[in-house]
Protein chains: 2
Amino acid sequence: MSSIFFGTRIRTGGRSISTAANRFRLPPTIRQILSSPEVDEKIAVTAWVKSIRKQKKVAFGVLSDGSSPVGLQAVFREELGERVKLITNGTSVCVRGSMVKSPGAGQDKELLVEEIEILGACDPETYPIQKKTHTPEYLRDYSHLRPRTDAIAAMVRLRGTLMRELNRYFENQGFAYAHTPVLTSGDAEGGGEAFRIAPVPPPIKREFFGNRAYLTVSHQLHLEALSHSLGRVYTLSPCFRAERGVTRRHLAEFWMLEAEWNVLPTEDPRAQTTALCDFVEGLVKTSVGDSGIIHSEDVGLLWRHRDSDSAPEPTREKRREALVRAVTTDTPWPKMSYTDAVRELLNSNEKWTFPVRWGSALQTEHEKWLSETLIGGPLFVTDYPAKIKPFYMRANPPADGEDEGTVGCFDLLVPHAGELVGGSVREERLDLLRDSMKTKGMDVDEERYGWYGDLRRFGGAPHVGFGMGFERLMGWVGGIENVRECIPMPRWAGRMVL
Amino acid sequence: MSSIFFGTRIRTGGRSISTAANRFRLPPTIRQILSSPEVDEKIAVTAWVKSIRKQKKVAFGVLSDGSSPVGLQAVFREELGERVKLITNGTSVCVRGSMVKSPGAGQDKELLVEEIEILGACDPETYPIQKKTHTPEYLRDYSHLRPRTDAIAAMVRLRGTLMRELNRYFENQGFAYAHTPVLTSGDAEGGGEAFRIAPVPPPIKREFFGNRAYLTVSHQLHLEALSHSLGRVYTLSPCFRAERGVTRRHLAEFWMLEAEWNVLPTEDPRAQTTALCDFVEGLVKTSVGDSGIIHSEDVGLLWRHRDSDSAPEPTREKRREALVRAVTTDTPWPKMSYTDAVRELLNSNEKWTFPVRWGSALQTEHEKWLSETLIGGPLFVTDYPAKIKPFYMRANPPADGEDEGTVGCFDLLVPHAGELVGGSVREERLDLLRDSMKTKGMDVDEERYGWYGDLRRFGGAPHVGFGMGFERLMGWVGGIENVRECIPMPRWAGRMVL
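Everything numeric here is computed off the predicted structure, so don't read it as measured data. (Residues numbered from 1 in each chain as written. Chains lettered and ligands numbered in written order. Predicted model: local features only at pLDDT ≥ 70, side-chain atom pairs only at ≥ 80, totals over all residues. Heavy atoms only, no water.)

Caption draft 1: Seen up close, the overall build of chain A. Helix and strand counts for chain A stand at 14 helices and 17 strands. C-alpha atoms of chain A, sized along the principal axes, occupy 85 × 60 × 55 Å. Summarising the internal contacts of chain A: among those between residues at least 6 apart in sequence, 68% fall at separations of at least 24. As displayed, chain A offers around 19400 Å² of accessible surface, 51% of which is attributable to carbon and sulfur atoms. With 65 positive and 66 negative side-chain charges, chain A shows a separation of 5 Å between the mean positions of the two kinds. (Helix = DSSP H or I, 4+ residues; strand = E, 2+ residues; numbered from the N terminus. Contact = heavy atoms within 4.5 Å. Areas by Shrake-Rupley, 256 points an atom, 1.4 Å probe, with all protein chains shown as cover. Lys, Arg positive; Asp, Glu negative; His and termini not counted. Charge placed at Lys NZ, Arg CZ, Asp CG, Glu CD.)

Caption draft 2: Spatial organisation of the side chain of D454 of chain A. Relative to the helices and strands, D454 of chain A is located in helix α13 (residues 447-457). Judged by its relative accessible area of 13%, D454 of chain A falls in the buried class. Only 2.8 Å separates the side chain of D454 of chain A from the side chain of R457 of chain A, close enough to count as a polar contact. In this structure D454 of chain A touches H144 and L145 of chain B, once residues within four positions along its chain are discounted. (Buried < 20%, exposed > 50% of the residue type's maximum accessible area, 1.4 Å probe, protein only. Polar contact = N/O pair within 3.5 Å; in protein donor to acceptor, adjacent residues only side chain to side chain.)

Caption draft 3: Structural view of the pattern of salt bridges. Scanning the entire structure with this criterion turns up 56 salt bridges over all chains. Here E171 of chain A ties to R164 of chain B by a salt bridge, and the two come within 3.2 Å at their closest N and O atoms. Highlighted residues: E171 of chain A in helix α5 (residues 150-172) and R164 of chain B in helix α5 (residues 150-172), drawn from two different chains. Taking the shortest distance from any N to any O, the salt bridge between D454 of chain B and R457 of chain B comes out at 2.8 Å. Separated by three residues within a single helix, D454 of chain B and R457 of chain B lie in helix α13 (residues 447-457), roughly one turn from each other. Taken together, the salt bridges that share partners define one network made up of R164, E165 and R168 of chain A together with E171 of chain B. (Salt bridge = Lys/Arg side-chain N within 4 Å of Asp/Glu carboxyl O.)

Caption draft 4: Region of the structure containing the packing of helix α8 (residues 297-305) of chain A against helix α14 (residues 470-478) of chain A. All names here are of chain A. Remark: α8 packs on α14, axes separated minimally by 8 Å, with the N-to-C direction vectors making an angle of 80°. The orientation of α8 relative to α14 falls into the category roughly perpendicular. Of the residues in α14, those touching α8 at V299, L302 and W303 are W476, V477 and G478. Taken together, the residues that form the contact of α8 with α14 break down as five nonpolar, one polar and no charged. (Axes fitted to C-alpha atoms, helices over the stretch in contact; angles between N-to-C directions. Parallel < 35°, antiparallel > 145°, perpendicular 65-115°, else oblique. Nonpolar A, V, L, I, M, F, W, Y, C, P; charged D, E, K, R; others polar.)

Caption draft 5: Summary view of the interface of chain B and chain A. Listed by partner, the interface residues are 147 residues for chain B and 146 residues for chain A. In total, about 12700 Å² of surface goes out of reach between chain B and chain A, with carbon and sulfur atoms giving 64% of it. Counting across the interface, chain B meets chain A through four salt bridges. Here E171 of chain B makes a salt bridge to R168 of chain A, at a shortest N to O gap of 4.0 Å. Our count for the contact surface shared by chain B and chain A stands at 43 residue pairs in polar contact (both at pLDDT 80 or more). In the side of chain B that touches chain A, the residues fall into 70 nonpolar, 44 polar and 33 charged. (Buried area = accessible area lost by both parts, 1.4 Å probe.)

Caption draft 6: Focus on helix α12 (residues 430-439) of chain B. Residues and elements named next belong to chain B. When α12 is considered as a whole, its buried residues turn out to be L430, L433, S436 and M437. Across the axial projection of α12, the buried residues extend over an arc of 125°, all falling on one side. Exposed side chains of α12 directed beyond 90 degrees from the buried face belong to K438 and T439. As for α12, its buried residues are in contact with α13. Just beyond α12, the residue with positive phi is G441, at close to 75°. (Arc of directions from axis to C-beta.)

Caption draft 7: Expanded view of the packing of α5 of chain A against α8 of chain A. Residue and element names in this part refer to chain A. Contact geometry of α5 with α8 gives a least axis separation of 9 Å together with a crossing angle of 140°. In this view, α5 runs oblique relative to α8, as classed from their interaxial angle. The interaxial crossing formed by α5 with α8 has left-handed handedness. Listed contacts from α8 to D150, A151, A154, M155, R157 and L158 of α5 are D298, V299, L301, L302 and H305. Grouping the amino acids of the contact of α5 with α8 by side-chain chemistry returns seven nonpolar, one polar and three charged. (Left-handed = near helix turned anticlockwise from the far one by under 90°.)

Caption draft 8: The arrangement of the sheet that holds strand β11 (residues 335-337) of chain B in detail. Residue and element names in this part refer to chain B. Ordered by their spatial adjacency, eight strands build an open sheet running β6-β9-β10-β15-β14-β13-β12-β11, and the pairing between neighbours is mixed. With one partner strand each, in any of the chains shown, β6 (176-177) and β11 form the two edges of the open sheet. Strand direction decides the pairing type here: β6 and strand β9 (residues 232-240), joined by two bridges, are parallel. Looking at the pairing, A176 lines up with V233 of β9. Against the sheet, helix α6 (residues 220-230) touches β9, β10 (253-262), β14 (418-426) and β15 (463-469), its axis set at about 30° to β10. Where helix α10 (residues 338-347) meets the sheet, it contacts β11 and β12 (379-382), and its direction lies at approximately 85° from that of β11. (Pairing = 2+ DSSP bridges.)

Caption draft 9: Structural detail: the packing of aromatic side chains. In the structure shown here, the tally under the stated rule is 52 aromatic pairs over all chains. Aromatic pair F24 of chain A and F279 of chain B: ring centres 6.1 Å apart, planes at 90°, arrangement edge-to-face. Of this pair, F24 of chain A sits in the loop between α2 (15-23) and α3 (30-35) while F279 of chain B is found in helix α7 (residues 270-290), placing the two residues in two different chains. Accessibility assignment for this pair places F24 of chain A and F279 of chain B in one class, buried. Put simply, the rings of F24 of chain A together with Y169, F170, F175, Y177, Y234, W261, F279 and F466 of chain B pair up and form one aromatic cluster. In this structure, K389 of chain A packs its charged tip against the face of Y384 of chain A, placed 4.4 Å from the ring centre. Directly above the aromatic system of W492 of chain A lies the positively charged group of R484 of chain A, at a separation of 3.7 Å from the ring centroid. (Phe/Tyr/Trp six-rings, centres within 6.5 Å; stacked < 30°, edge-to-face > 60°. Lys NZ or Arg CZ within 6 Å of the ring centre and 35° of its normal.)

Caption draft 10: Highlighting the side chain of S237 of chain A. Here S237 of chain A lies in strand β9 (residues 232-240). For S237 of chain A, a relative accessible area of 1% puts it in the buried group. For S237 of chain A, the side chain forms a polar contact with the side chain of T235 of chain A, separated by 2.6 Å. Beyond its immediate stretch of four places on either side in the chain, S237 of chain A contacts Y177, T180, H219, F254, W255 and M256 of chain A together with W255 of chain B.

Caption draft 11: Structural view of the environment of W369 of chain A. Residues and elements named next belong to chain A. With respect to the helices and strands, W369 occurs in helix α11 (residues 364-375). A relative accessible area of 11% means that W369 is categorised as buried. As a C-alpha pair, W369 and S348 span 21 residues in sequence and 9.6 Å in three-dimensional space. Discounting chain neighbours no more than four positions away, the residues touching W369 are E344, L345, S348, E350, W352 and L374.

Caption draft 12: Region of the structure containing the relation of the copies chain B and chain A. Take chain B, turn it by 180°, move it 0.0 Å along the axis, and it overlays chain A with an RMSD of 0.0 Å. The two molecules are tied by a two-fold rotation axis, judged by turn and shift. (Least-squares fit on C-alpha atoms with pLDDT ≥ 70 in both.)

Caption draft 13: Focus on the confidence of the model for chain A. Residues and elements named next belong to chain A. In this model, chain A carries a mean pLDDT of 91, and residues with pLDDT of at least 70 account for 94%. Across residues 1-21, confidence stays below pLDDT 50; counting only partners more than four residues off in sequence or on other chains, it has 43 contacts. Here the predicted complex scores 0.94 on pTM and 0.93 on ipTM. (pLDDT = per-residue confidence, 0-100.)

Caption draft 14: Expanded view of the nonpolar core. Counting 215 residues, the largest nonpolar core has F466 and W476 of chain A together with F466 and W476 of chain B as the members making the most contacts within it. Top element by residues in this core is α5 of chain A. It accounts for 12 residues. Not counting chain neighbours up to four residues away, the residues in contact with W476 of chain A comprise V284, W303, L323, A326, V327, W333, P378, V414, P415, A417 and L420 of chain A. Within the second largest apolar cluster, 27 residues are counted, among which are L183, I197 and F240 of chain A together with A213 of chain B. (Core = buried A, V, L, I, M, F, W, Y, C linked by side-chain atoms within 4.5 Å.)

Caption draft 15: Molecular detail of unusual backbone geometry. Positive phi, normally seen in glycine, also occurs at D383 of chain A, with a value near 55°. Among the secondary structure elements, D383 of chain A is positioned in the loop between β12 (379-382) and β13 (409-414).

Put into structure tokens, the structure is as follows:
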């Protein structure tokens, strides 16, 4: 029976799906009704009225049940009586009737309503979501109602479909999904950005767990513990950072896709970084491009929506075309070492606000120029100086042009979304890990990090990993400018609604 | 292109999967190698030595890369030299060679090792995970290494495969996965069980979000906000409760599968509860039974493992048989009203520690008797008294035998795991919700709960929902006695490792 778990879908197609259908089935959603080839079907749906146009003897409504950005066109005839007059935008109704071929333009099928029941009225005078476009700022104050807008609903659906395709890629590559903890005993290298759990309130006033508890800022270290047994693991989980900066790219609660896995040893250690980049490129192209998501109606709606984006329409259209090209091309995305990137930046004619110097971090202006101007698409920058990267990255052997030690790592830079993914080969050699931790004031032989050392002490193996900001991916794929419109209920410094 | 999102797998089988394969492919895992029909395949894997038996001219090892509970049998011949002598349990190695038909019993294929590289030694003197069985208590102190044991590894894999099948069921039923927040502004009806985020440390010392922030105890209310736009939503997310009680069934951080969706109105409101139970039964039977998980090697390993279960082997075997029957049968699970359940309890000959009385909550002893003794399988108990249930449950019309008002709800009781799922029809009528909240000291017209009232004020619709404890499901399916062995890194009052 083990075959069930690997590649069922390849071998047996929809077997488990059809069994599920026999067990219990909810009535079809509007998406399912519209994609069904049948006509003259009798249907019943609970839905909201998105718009209604009343004529003398007939009214035309567009209904949404949230399953699709495309509404169901419903025809209400005179015989239905007074009730139709009560319908306003936002009203919740149950309609029953027949699906028929639509004589009008814009849709293949429409619903000829035979019965209507008004389930929940919606007073147009007080309803906070009017038909006119509201600003994103206004809508954020109505976290509980803003999913009624087309763009937020499309965003929520897109999160779900993207997640599904990401899951599929990992499943096919032999990964196990792992539920790493949100509560951790580490404060992420003391950066001060971790939220802390308050002690149990008086009269007891003590730490609930005995030791201090924090909200995780990254699942990586815990995933490494699991990859040292399960081999290939990943998670898509919430992370938390108490960052005081309020920008369009930062949230206090955000989701990260993180993966860690063992690899085969290679002669040239830099080949590990190359393969890691190829894996990530495969992940993005497969789940966004090959899956069809990039051409989906939800993504189309989001790109048309614009929101707070001030770029002119032709610019936006060009950005979208570049995105489609990037995720559907068979041509590999370029890779460039940090050293070469610094050389390109120095040779450019740009005036930089932040100086370019080997050994300094790349600033947003540098990253933007590299991916947007120099390459015009996604770019892997690899092999950064060790001193500007975390302790767990694997030391590279020396190479030409590198003033000091570098580590086997990459950042994936994409136009407009910036750094989408960061990853590295992990230092599996205990002695080198010890040295690297020492330079950051950490001790691999002490209790606090001893467990991390144990992973190398007892059967360690070469391994790699990366993290991708899920909201960054959403922003890039959907052309969404502000990360607060990339998550259903955003939280940031000074603001939490609901 | 919208068809991409509904039923791609039904219509096009492995299309996106094979494209993924063309893009980038990690080398096959041991699971993939063992399930491949090919022989005389050249392979290379990075794996741990689970056991090694050294004979004079040859050694036999069992290797695991974590992908499968079944190890790869590897044959090391004399020609490989001294290196083989260095191999101990837990050593990490890279082996290359050919898969050949196995002459031995126990496996179809084995690896004839041609090259071996020792990647990470494992000192048998100090390695905390010895071959002998350790107690669960001992292993919990080694959170980072205990996934190296067969049972914990099987548990982690089972979580992932269960999650996948649950996702599949919801996808086929037209649901969107929704990422509801972990940080919330509500403290869950003031029960005092919500963890609170500490204020930002001095010198500033203030709430990071302006208002107090808690860790969510349930995603239900936030999901309801989303179901009032998306129609059908669900999540599998972490929840947190600062429960001081230390039992084998409680964790401070646990995962809940929660769903909320709109339904068609019905003449008989009690029919909504029946349909809700049917949906949940379909979910469990489809994802655990039809998927084949119940017959998987991981589940088999977990049932054989026993761990802290003191029940004699024949009792355990009977329990497992009852579980297999329950999730594979076409016969619907019985449903019984709370009123009937109380009658059965009163008519039994048992001596109850807690008195049985209409209007009191059912205690564990009552629930156990109902599912284990009276029914001998899963049982839905429905329509509990309103006064012992939360404010959001929908008031039933009066019925015979009910002393006071009841609500449209259910608990799914399963043998040994206890309450696996709880759900209800939600009160969509604003006036009745107002009354119900008033009895619990809450005001639907005030700011704090006003948003929840808004969902009814503006186009409310009949809707239902439920929550399932994911670790409870794990415990039931895997025959795992203690919830701390149902999650990779458990946290409970007084204890957090890593």
